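Observations on the three-dimensional arrangement
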Amino acid sequence: VQLQASGGGLVQAGGSLSLSCRASKRTFSNNGVGWFRQAPGKEREFVSAISWSGGSTYYADSVKGRSTISRDNAKNTVYLQMNSLKPEDTAVYYCAAGRFLRAGWERSKENYDYWGQGTLVTVSS
């Protein structure tokens, strides 16, 4: 397994969760990392991403202002802190790694080479 997502769980609306994505050094090095989510019956959608250096971060409008992505290259780990959670945030969250070769590439799941197994986030109302 090259990427492993963790930190999901059941939380009440308004609560917070911190997701982690740990990768092998080979997968982590020189790759941007993104978070995507997929709710039942829906397409997998972009949530957030961070460049390999950590200098650039990206957010979907639906989570902007409520989430913070960061990475610790020494630990080969990316974190997604999610606050003020809403029931519509309920989904399986996946992390993925890939090269951000052009502006906007980080938002498209087709541009990621490596995927983790997903972690379930359930937000109750």
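Below, the structure is looked at part by part. Given the structure is predicted, the values throughout are model-derived calculations rather than measurements. (Residues numbered from 1 in each chain as written. Predicted model: local features only at pLDDT ≥ 70, side-chain atom pairs only at ≥ 80, totals over all residues. Heavy atoms only, no water.)

1. So, the packing of aromatic side chains
Applying the stated rule across the entire model yields 6 aromatic pairs. For the pair F36 and F46, a centre-to-centre distance of 5.7 Å together with 75° between the ring planes defines the contact as edge-to-face. Here F36, found in strand β4 (residues 32–38), pairs with F46, found in strand β5 (residues 45–50); they are 10 residues apart in sequence, far enough to count as distant. A relative accessible area of 11% means that F46 is categorised as buried. Taking 5.1 Å as the distance between ring centres and 85° as the angle between the ring planes, the aromatic pair formed by F36 and Y112 counts as edge-to-face. Taken as a pair, F36 in strand β4 and Y112 in the loop between β9 (91–98) and β10 (114–115) lie far apart in primary sequence, 76 residues in all. Residue classification places F36 among the buried positions, given a relative accessible area of 1%. In textbook terms, an aromatic cluster arises when at least three aromatic residues are bridged by ring pairs, as seen for F36, F46, Y58, F100, Y112 and W115. Across from the ring centre of F28, 4.1 Å away, lies the NZ or CZ of R71, which sits over that ring. (Phe/Tyr/Trp six-rings, centres within 6.5 Å; stacked < 30°, edge-to-face > 60°. Helix = DSSP H or I, 4+ residues; strand = E, 2+ residues; numbered from the N terminus. Buried < 20%, exposed > 50% of the residue type's maximum accessible area, 1.4 Å probe, protein only. Lys NZ or Arg CZ within 6 Å of the ring centre and 35° of its normal.)

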